[in-house]
Amino acid sequence: MFAIRQYSCIILSRSYSSCLIRYQSTKSTDLAETSPSDIERKSTVDYSLWATSETNQLVNYLSNRIKTIGPITVADFMRESLLHPKYGYNARKEVYGKKGDFITTPEISQLYAELLAKWIIQENATIGGNVLQLVEMGPGRGLFMNNIIKVLRREKYSHSHTFFALYETNPLMRRCQAETLLGRSFNPLIANDYRIKDGNYSLIWIDEFKQLLHNDTYFIANEFFDTYPIHKFQKTSQGWQEVMIDWDPIRKTLQYVLSLKPTPMIRLYENFLKNVRNRQHIEISPQRAMIMQSMCTHLKTYGGSALIGDYGHWGDKGDTFRAFRKDEIVDPLSDPGNVDMTSDVDFEELSMRGMQVSNVQFFGPVSQGNLLYNLGLNDRLAKLTYNKTPEEQEEILSDVEKLVSPEYMGDRFLYICAQRTNRLNAPADESLIGYVRMYSHLELVGRAVITRSPIPSVAVISGNGSGHEPAMVGYVGRGLLTACISGSIFASPPSADIFRLIVEMKRRGAKQVLLIILNYTGDRLNFGLAMERARELAIDIDMLVIADDAAISNAVGPRGLAGSLLVIKIAGELAQQGKNMSEIVDVCQKVRGHLRTIGLSASGIRAPGQQQSFDLKDDEMELGMGIHGESGVQKLKLLPIRQTIDLALRQLFAGPRTLDLHPDASVLLFVNSLGGCSNLELGIIVKEAIENLEQQHLHVKRVICGEMMTSFNMKGFSLTILKLATDMSSIILNLLDAPTDAFAWPKAISPTQSSGSIPAESDSLEFNEKFSSQIVISTSHISLNSSTTELVNQALQAIIKRLHNEVDELNRLDAVSGDADTGTAFMRAADAIARDLANNKLVLHRPSSLFRRLGLIAESRMGGTCGAICGLFFAATAKQLSLSNQSAILIDSLSDAFEAGIQSVEAYARVQPGDKSLLDALIPAIDFIKAKRTKASFTSQDWKELALVTERAVQQTKNMTAKVGRASYTTSVDSTVVDPGARAISIIIEEVCDTFAKASI
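Treat the numbers as computed from the prediction; the structure is a model and nothing was measured.

### Quick word on the overall build of the protein chain
Check the secondary structure of the protein chain and you find 33 helices and 32 strands. In the protein chain, buried positions account for 56% of the 1001 residues.

This is the structure:
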């Protein structure tokens, strides 16, 4: 526990200026009772052994500062104790090694580095990329990085594509690192490129991430975050108070006190602290959050992974502030400047701050023991202890036990990993008949739809004009609406129909009737008139009006929008549970006050027989329009979806009816299609909205999404935010989650998943490659000589360049009768080939292996008909080559293989010559090659003729009718264009011919 002493009367009588915050001291037992610690501390400290202002220069400095300005925060104390340029621990002490306060067996350091190097290699293999950039955060003396480099060198990681960076702000440690890694003692410059000894790897020191290369980056932050200063907060009978450091003039030592009034940090984290439950002590480090977010921003922009390990917890520990001297825990106040200070990392908060950066996901936490075992600790340990003496083995095993045993670091030392994770209505009566005939639990009475389930004591009724389907007919059912009433298109139901329904509910056994309507003049008038008539009959009835529009508020008040469905669901479930109307209204009124909706559309709507309220050009959208096509608050140019979501939510949070949402508040997100949004678009909208809310430090507990309250087929959507008040959050969520047989309400509503729970997108090319490596594939004996292999390399390079240059032209040709993506498809394949060439993945001297890989690239990267045809062709070609004899003539083997490829395509794709496909260029080229098979080799003229044959074949496709692919389903506007796939094949063959023709001269 904190060693906290009583204030003396002298301190209590000391006066501060009015601008300073006053503090109270606390007995040790006070904090011991309210702040149980997970750290095993020593028994009572002998204060006579503590450093005083007379024996410790830093204590003397801090005492003078406190006497001048008053008590300081724990964060200020840590900062001075560790970083003071003259008296600070980091400026005067070696932290690591035999002279420091942490000692590790060299073999264990090597073992630890080897296992984490394995993680780096695995991540790099998964993510891919030509460059490996490794950054160690707080690298100590550089021993860990030195061992990592040895492992990567042993694994033959190229020095021209591997870069190392050290994030270090301590000049003394930079000097130690330079001595370890560069073999000389000097103070290296920031962002200056150095060459590592015994190798040619690039090494830099950084203090900002912008000094790194713009490539995939792999961060290792091992015992890095724990040293950042923390602010400590104690829960007392007066609420949360910040723990401060004060001066005890009697003992001439430092002491802990509690703030009497809110400090700046208390005010900053007030809302966060209010929501903390079951914890009496909280430690917060703004600097940790800032570094984490900067790291995640770099990952989001350039890709890569971050492995973060430290003594820590998942939001369940309290007081963890401690100090070390020679591997022993001591009180941090006992000898500042001469002891190292640390605190456990709250990984829950750290990952939460990181996930405020969009497109970054987190995995973990996992204990150090599990991580090391998963990385192959047992196998590596067996090799490490082989041929060691029993004494040496015992020493190694003892140190390993400290790494993995739950009693030591195994469970207390945790890891998390961050990665980038890298849219004329049928008459109302006939529509209602159709819905009732579809769903047996519904009954039609006039224009009212009533549930066949037993009528609850409180009948919940809603209604609106038609044109918003499935609202409200889709929400009639057990646990939702008891009945609904519909009017004509965009018109309120007549009061006579509403009154008839109310009376029917009473006749069927309802003791009370609750009307829930949207805030529109017609609905208020008609439902209000029906309610007054019902009261004349002594019917116990009440009405709730929902006005959740965040954009516009006129004389009638804000409009009612899709958010009303949430209130209706809550009311319906409460009625199903047997609550009386007073209880239902009380809950719904609270929910109504925490509800806001904003709509956005890229089109207006003209209901049959009505005028369109607003017109939009093809490049415009309307913000804040209503569900009847009413104009909104602003007309804007179309924006990308992310900017559109941000614009909408800004209006929701900062408009005329803003929600009072504090950081770390919990919300429900409701995304509603207005009729013209595809399910694909809705998924994208949900993703962007969740990420936007998380960036605002909000916790999205639930997401409801669908076409739930429409405006015919308006091309737009609405976003609804329901603030989940802490005292009612679980109740509201349970009500919304409760099952119902109403057909339009989502059948499954579950808690949202964090971005860290979503795995990174798998790569089908790499999967196919790994799968192929696990099966036995016959390898052809045919091999090319070195000169021919080099020509193949040059030809591929030329093809890559040419396909990039021709992408727009190929897309233009495809746009005539297809989907304008042929150029893009071949460019994706070219990019994959370029990466394979850079990574030496293409076996250029062995045709069967080359064609097999090209087939995998075509399958996974191109897509569409072209990708399938190319994949089939190359796969069959590779298979035929693998069957060839070693003595076979190359041109014979290639001719047979190409013919097998054509036959495979014709068999599976049912493509024939003349169907206007890429085969119409490929078959003539192969026929030409087959005609020359009696020749030992091609001359320069043969290569030129092959290119001409292919080009003539392409031109002949102008007069053909497409019979495969998407073009076969359309009537082309211009049928005299060449086939884009055939044109792409001719480009490839032209580049091959040009390369080999030049070499044949």
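The rest of the description comes next.
### Quick look at the sheet that holds strand β30 (residues 666-673)
Pairing is mixed in the open sheet, where six strands are placed in the order β29-β28-β27-β32-β30-β31. The sheet is open, and its two borders are formed by β29 (634-637) and β31 (699-706), each paired with just one other strand. Within this sheet the neighbouring strands show an average axis-to-axis angle of 20 degrees, counted without direction. Two elements, strand β28 (residues 620-623) and β29, share four bridges in a ladder whose sense is antiparallel. In the sheet register, glutamate 620 faces β29, and the bridge partner there is lysine 637. Seen against the sheet, helix α20 (residues 581-593) touches β27 (595-601) and β32 (716-724) and runs at an angle of roughly 50 degrees to β27.

### Looking at helix α7 (residues 143-154)
The end-to-end C-alpha distance of α7, which contains twelve residues, comes to 17 Å, matching closely the 16 Å that a straight helix rising 1.5 Å per residue would cover. Positive backbone phi, approximately 65 degrees, marks lysine 156, located one or two places after α7.

### Thoughts on the pattern of salt bridges
This structure, assessed with the given rule, holds 42 salt bridges. In the salt-bridge network here, residues are joined through shared partners; they are Arg802, Glu806, Glu951, Arg983, Glu990 and Glu991.

### Focus on helix α15 (residues 390-404)
The end-to-end C-alpha separation of α15 is 21 Å, in line with the 21 Å expected for 15 residues at 1.5 Å each. For α15, the complete set of buried residues consists of Ile396, Asp399, Val400, Leu403 and Val404. Burial along α15 is one-sided: seen end-on, the buried residues are contained in an arc of 135 degrees. Exposed positions of α15 whose direction lies more than 90 degrees from the buried face are Pro390, Glu391 and Glu394.

### Notes on the nonpolar core
By size, the foremost hydrophobic cluster in this structure holds 65 residues, and its most contacted members are Leu796, Ile833, Phe851, Met862, Phe873, Leu919 and Leu946. If sequence neighbours within four positions are ignored, isoleucine 833 has contacts with Leu796, Ile800, Leu842, Leu854 and Ile857. Residues Val460, Leu561, Leu565 and Val567 belong to the second largest nonpolar core, which totals 63 residues.

### Description of the packing of helix α11 (residues 286-302) against helix α12 (residues 347-354)
Packed helix pairs are specified by the crossing angle of their axes together with the interaxial distance, meaning the distance between the axes. Relative to each other, α11 and α12 sit at 45 degrees, their axes nearing to 8 Å. By the angle between their axes, α11 is oblique relative to α12. The interaxial crossing formed by α11 with α12 has right-handed handedness. Counting all contacts with α11, which are made through Arg288, Ala289, Met292, Gln293 and Cys296, the residues of α12 involved are Leu350, Arg353 and Gly354. Its residues assigned to classes, the contact of α11 with α12 shows four nonpolar, two polar and two charged.

### A few points about the environment of tryptophan 205
Mapped onto the elements, tryptophan 205 comes out in strand β6 (residues 202-206). The class for tryptophan 205 is buried, based on a relative accessible area of 0%. Once the C-alpha coordinates of tryptophan 205 and leucine 189 are considered, the two residues, 16 residues apart in sequence, prove to be 7.0 Å apart. For tryptophan 205, the residues in contact, after removing those within four places along its chain, are Leu166, Glu168, Arg174, Gln177, Ala178, Leu182, Pro188, Leu189, Ile190, Ala191, Tyr194 and Gln211.

### Focus on the confidence of the model for the protein chain
A residue-level look at the protein chain finds 85% of positions with pLDDT of 70 or above and a mean pLDDT of 82. Confidence scores differ between elements of the protein chain, with helix α1 (residues 9-13) showing the lowest mean pLDDT of 25 and helix α19 (residues 564-576) the highest of 97. Residue range residues 1-48 is modelled with pLDDT below 50. Its contacts to residues more than four positions away, or to other chains, number 108 contacts. In the model, residues 95-105 has pLDDT below 50 throughout and makes 29 contacts with residues more than four positions away in sequence or in other chains.

### Examining the packing of aromatic side chains
Scanning the model with the defined rule gives 23 aromatic pairs in all. Between tyrosine 167 and phenylalanine 209 the ring centres are 5.5 Å apart and the planes differ by 40 degrees, which places this aromatic pair in the tilted class. Placement of tyrosine 167 in strand β4 (residues 162-167) and of phenylalanine 209 in the loop between β6 and β7 (217-222) is noted, with a sequence separation of 42 residues between them. A residue is classified by how much of its surface remains accessible, and tyrosine 167, at 9% relative accessible area, is buried. Ring pairs connect the aromatic residues Tyr167, Phe209, Phe219, Phe224, Phe225 and Tyr228, which therefore count as one cluster. Over the ring of phenylalanine 186 we find arginine 184, and its NZ or CZ is 4.3 Å from the ring centre. Here the guanidinium or amino end of arginine 322 rests over the ring plane of tyrosine 311, the centre of that ring lying 5.9 Å away.

### Some details on unusual backbone geometry
The step from glutamate 469 to proline 470 runs through a cis peptide bond, and the omega angle for that step is 15 degrees. Summarising the element assignment, proline 470 is placed in the loop between β21 (458-466) and β22 (483-489). Here the residue pair alanine 471 and methionine 472 is connected by a cis peptide bond, since its omega of -5 degrees sits within 30 degrees of zero. Tracing the sequence through the fold places methionine 472 in the loop between β21 and β22. Positive phi, normally seen in glycine, also occurs at lysine 252, with a value near 60 degrees. Checked against the element boundaries, lysine 252 lands in the loop between β9 (239-248) and β10 (253-259).

### Some details on the packing of helix α28 (residues 847-862) against helix α29 (residues 864-882)
For the pair α28 and α29, the least separation of the axes is 8 Å and the interaxial angle reads 160 degrees. Classed by the angle they form, the pair α28 and α29 counts as roughly antiparallel. Where α28 crosses over α29, the handedness of that crossing is left-handed. On the side of α28, the interface is formed by Pro847, Ser848, Phe851, Arg852, Leu854, Gly855, Ala858, Glu859 and Met862, while α29 contributes Gly864, Cys866, Gly867, Cys870, Gly871, Phe874, Thr877, Ala878, Leu881 and Ser882. Taken together, the residues of the contact of α28 with α29 break down into ten nonpolar, seven polar and two charged.

### Quick word on the side chain of arginine 983
By the secondary structure assignment, arginine 983 is in helix α33 (residues 980-1000). Of the residues examined, arginine 983 reaches a relative accessible area of 17% and is grouped as buried. Not counting the four nearest positions on each side in its chain, arginine 983 is found in contact with Arg802, Leu810, Leu813, Glu951, Val954, Val978 and Glu990.

### Digging into the sheet that holds strand β14 (residues 328-330)
Across a sheet, strands are paired by hydrogen bonds formed along the backbone, either parallel or antiparallel in direction. Taken in spatial order, the three strands of this open sheet run β14-β13-β15, and their pairing is antiparallel. Either end of the sheet is taken by a strand with one partner, and the two such strands are β14 and β15 (340-342). The sheet shows a mean angle of 40 degrees between the axes of neighbouring strands, direction not considered. In terms of strand pairing, strand β13 (residues 322-325) meets β14 through three bridges, oriented antiparallel. Each bridged residue has a counterpart across the sheet, and for alanine 323 the counterpart in β14 is valine 330.

### So, the side chain of threonine 740
Examined against the element boundaries, threonine 740 turns out to sit in the loop between α23 (729-737) and α24 (764-773). A distance of 2.6 Å separates a polar atom in the side chain of threonine 740 from the backbone oxygen of arginine 478. Only 3.1 Å separates the side chain of threonine 740 from the backbone nitrogen of alanine 742, close enough to count as a polar contact. Ignoring sequence-local partners within four residues, the contact set of threonine 740 consists of Gly477, Arg478, Gly479, Leu480, Lys569, Trp745 and Lys747.

### Overview of the pairing of β21
The element β21 is extensively covered by neighbouring structure, given that nine of its nine residues are classed as buried. Of the pairings in the sheet, the one linking β21 to strand β23 (residues 512-518) comprises four bridges and is parallel in character. Its bridge partner lying in β23, isoleucine 461 is registered against leucine 515. Relative to β22, β21 runs parallel, the two sharing six bridges. Each bridged residue has a counterpart across the sheet, and for asparagine 464 the counterpart in β22 is serine 486.

### A short note on the environment of isoleucine 989
Mapped onto the secondary structure, isoleucine 989 falls in helix α33. C-alpha separation for the pair isoleucine 989 and alanine 795, spaced 194 residues apart in sequence, amounts to 9.4 Å. When neighbours within four sequence positions are excluded, isoleucine 989 is seen to be in contact with Ala925, Leu946 and Thr950.

### Focus on the environment of arginine 353
Examined against the element boundaries, arginine 353 turns out to sit in helix α12. In the structure, arginine 353 is positioned 60 residues away from glutamine 293 in sequence and 6.4 Å away in space, judged by C-alpha atoms. Apart from the residues lying within four places of it in its own chain, the contact partners of arginine 353 are Tyr269, Ala289, Gln293, Asp664 and His697.

Conventions and cut-offs
- Residues numbered from 1 in each chain as written.
- Predicted model: local features only at pLDDT ≥ 70, side-chain atom pairs only at ≥ 80, totals over all residues.
- Heavy atoms only, no water.
- Helix = DSSP H or I, 4+ residues; strand = E, 2+ residues; numbered from the N terminus.
- Buried < 20%, exposed > 50% of the residue type's maximum accessible area, 1.4 Å probe, protein only.
- Pairing = 2+ DSSP bridges.
- Axes fitted to C-alpha atoms, helices over the stretch in contact; angles between N-to-C directions.
- Contact = heavy atoms within 4.5 Å.
- Expected span 1.5 Å × (residues − 1).
- Salt bridge = Lys/Arg side-chain N within 4 Å of Asp/Glu carboxyl O.
- Arc of directions from axis to C-beta.
- Core = buried A, V, L, I, M, F, W, Y, C linked by side-chain atoms within 4.5 Å.
- Parallel < 35°, antiparallel > 145°, perpendicular 65-115°, else oblique.
- Left-handed = near helix turned anticlockwise from the far one by under 90°.
- Nonpolar A, V, L, I, M, F, W, Y, C, P; charged D, E, K, R; others polar.
- pLDDT = per-residue confidence, 0-100.
- Phe/Tyr/Trp six-rings, centres within 6.5 Å; stacked < 30°, edge-to-face > 60°.
- Lys NZ or Arg CZ within 6 Å of the ring centre and 35° of its normal.
- Polar contact = N/O pair within 3.5 Å; in protein donor to acceptor, adjacent residues only side chain to side chain.

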